[in-house]
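Summary of the model geometry
Read off the chains here:
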Amino acid sequence: MLKDPFGRTINYMRISVTDRCNLRCRYCMPDGITCVPMRELLIYEEIAFVCRQAADLGINRFRITGGEPLVRKDCAKLVAMLRKIPGENRIAMTTNGVLLGTFLDELLEAGLDAVNISLDTMDRRQYADITGADELKKVLDSVYRAAGRLPVKINCVVQNGVNEDAPLQLMPLARDLPVDVRFIELMPVGTGKEFNPVPNDVILAQIEEKYGKSREDCSERGSGPAVYRRLDGFAGRVGLISAVHGKFCGSCNRLRLTSTGELKPCLCYGDTIPLREILRDDLPEKDKRIREKIREAVRMKPQAHSFEDRTGVTENRSMAQIGG
Ligand code: SAM
Ligand code: SF4
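These notes cover the structure that comes with them. (Residues numbered from 1 in each chain as written. Chains lettered and ligands numbered in written order. Predicted model: local features only at pLDDT ≥ 70, side-chain atom pairs only at ≥ 80, totals over all residues. Heavy atoms only, no water.)

Its place among the elements puts Met300 in the loop between α9 (286–299) and α10 (319–322). Those residues in contact with Met300, other than ones at most four positions away along the chain, are Pro265, Asp271 and Ile273. (Helix = DSSP H or I, 4+ residues; strand = E, 2+ residues; numbered from the N terminus. Contact = heavy atoms within 4.5 Å.)

As structure tokens, then:
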């Protein structure tokens, strides 16, 4: 089992498979990014090798993200490769949902366990305004197709003055479908530094005013930064990821692997441990050396982020580049 210097168990790895994306979310990469050349991205075999070493050390939850993971060719192949790692591992994906409908069957066949779909509004024009693309219909089709076939969570980022009504627009999805709707406070990472987050307590108050009092659901306590609440008459739950106004670092259980093969101990800071050279050299005991680097990244985990004091944030890349 991996324990960091603050006694937290590290059992979760977020894997970014690409920095590319088919959307241009205004708080993430409104003008795109200078993409790294393909040869600098880890190939799926290299990612699976790192994950095998991580699993050996006790990591058993893997999440594939990006950029947009489904713009990378044959993403389901990676799911199948991770599925083959011995142990009871959970393999999930975070996607903007535009291509999920197209690849859902392949992903399920490959063994995907769960999916998070990012969706900030139910209004077509607002969606195009936030993401730069008129793709709301495809995302909603993906939500309806996926719901009930695997666990689905909707992730929504609420921006001041843009989509403050999103909570009320989105909650009917959790009422009518077995999906959780989660609100992620906008973090001052990359372009996100230019925005002010709407605090999650404001969002919860808005939801409770319309749908009645909620009660905490502790069933997933300790398994990540989200706090879940239940509402009477709802099939799914409300999830609150209070990145800025609630310090969730005490329950942090994760490492990140960027698409270029760097281990990242914390989202907030620029420090990373490069693995790509080790993966591509011809020296022996690659497995042992990668495991040592994973242990080193766990030892490097800081006690907490400093999102509330923006001068302390040393990560300058966009969420898409580091694997949000
Ligand atoms: N493209 C995929 C997607 O949008 O789901 C996966 C990568 S995206 C970076 C993952 C999540 O990060 C999305 O839900 C997005 O809304 C969120 N995100 C991006 N920038 C953010 C920021 N500055 N603060 C909080 N969440 C952010
Ligand atoms: Fe793309 Fe996700 Fe960033 Fe939006 S949040 S631009 S979908 S990577």
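Turning our eyes to something else, we now look at empty space enclosed by the protein. Within the structure shown, the criterion is met by one cavity of 30 Å³ or more. Put simply, the largest cavity is a space of about 50 Å³. In terms of residue class, the lining of the largest cavity is made up of five nonpolar, no polar and four charged. (1 Å grid on protein atoms, 1.4 Å probe; cavity = no way out; pocket = protein on both sides within 12 Å on 5 of 7 lines; lining within 4 Å. Points joined across faces, edges and corners; volume = space filled by probe spheres on them. Nonpolar A, V, L, I, M, F, W, Y, C, P; charged D, E, K, R; others polar.)

Taken together, 18 residues form the shell around ligand 1, and within it Tyr27, Gly67, Thr95, Ser118 and Met187 come nearest. The separation between an oxygen atom of ligand 1 and a polar side-chain atom of Tyr27 is 2.9 Å. In the model, a nitrogen atom of ligand 1 is placed 3.0 Å from a nitrogen or oxygen of the Gly67 main chain. Protein coverage of the free-state accessible area of ligand 1, which is 540 Å², stands at 94%. When grouped by side-chain class, the residues that make up the shell around ligand 1 number six nonpolar, ten polar and two charged. (Near = heavy atom within 4 Å. Polar contact = N/O pair within 3.5 Å; in protein donor to acceptor, adjacent residues only side chain to side chain. Areas by Shrake-Rupley, 256 points an atom, 1.4 Å probe, with all protein chains shown as cover.)

Moving on: the pairing of strand β4 (residues 61–65). With four of five residues buried, β4 is to be regarded as a mostly interior element. Remark: the strand β3 (residues 12–16)/helix α1 (residues 44–56)/β4 crossover connection has right-handed handedness. Taken together, the four bridges between β4 and strand β5 (residues 90–95) define a ladder with parallel strand orientation. Its bridge partner being in β5, Phe62 is matched across the sheet by Ile91. (Buried < 20%, exposed > 50% of the residue type's maximum accessible area, 1.4 Å probe, protein only. Right-handed = clockwise from strand over helix to strand, strands pointing away. Pairing = 2+ DSSP bridges.)

Our focus in this paragraph is the site of ligand 2. Inspection of the region around ligand 2 gives Cys21, Leu23, Cys25, Cys28, Met29, Gly67, Asn96 and Ala320 as its neighbouring residues. The class makeup of the residues in the shell around ligand 2 is six nonpolar, two polar and no charged.

If you trace the twelve strands from one edge of the open sheet to the other, you get β9-β10-β11-β8-β7-β6-β5-β4-β3-β12-β13-β14, paired in mixed fashion. Of all the strands in the sheet, the pair left with one neighbour each is β9 (214–217) and β14 (273–274). Note that strand β12 (residues 254–257) and strand β13 (residues 262–264) share two bridges and pair antiparallel. Bridging across to β13, Arg256 finds its partner in Lys264.

On to helix α5 (residues 136–146). Among the residues of α5, Leu136, Val139, Leu140, Ser142, Val143 and Ala146 are the ones counted as buried. An end-on view of α5 places all buried positions within 155° of arc, on one side of the element. Taken together, the buried residues of α5 touch α3 (100–110), β6 (114–118), α4 (124–131) and β7 (152–156). Among the residues trailing α5, Gly148 stands out with phi positive, at a value near 90°. (Arc of directions from axis to C-beta.)

One non-glycine residue, Asp74, lies in positive phi territory at about 55°. Locating Asp74 in the fold gives a position in the loop between β4 and α2 (75–83). Assessed through its relative accessible area of 33%, Asp74 is described here as partly exposed.

This structure, assessed with the given rule, holds one aromatic pair. Ring centres of Tyr211 and Phe234 lie 5.1 Å apart, and the angle between their planes is 80°; on these two criteria the pair is classed as edge-to-face. Here Phe234 lies in the loop between β10 (227–231) and β11 (238–241) and Tyr211 lies in helix α7 (residues 200–211), a separation of 23 residues in the sequence. Take Tyr211: its relative accessible area is 18%, and that puts it in the buried class. A relative accessible area of 11% means that Phe234 is categorised as buried. Above the plane of the ring of Tyr228 lies Arg237, whose end atom (NZ or CZ) is 4.0 Å from the centre. In this arrangement the basic side chain of Arg254 is found over the ring face of Tyr12, its NZ or CZ atom lying 4.1 Å from the centre. (Phe/Tyr/Trp six-rings, centres within 6.5 Å; stacked < 30°, edge-to-face > 60°. Lys NZ or Arg CZ within 6 Å of the ring centre and 35° of its normal.)

Glancing now at the side chain of Thr131. Inspection of the secondary structure puts Thr131 in helix α4. Side-chain polar atoms of Thr131 contact the backbone oxygen of Ala133, separated by 3.2 Å. Apart from residues no more than four positions distant in its own chain, Thr131 is found in contact with Leu23, Arg24 and Cys25.

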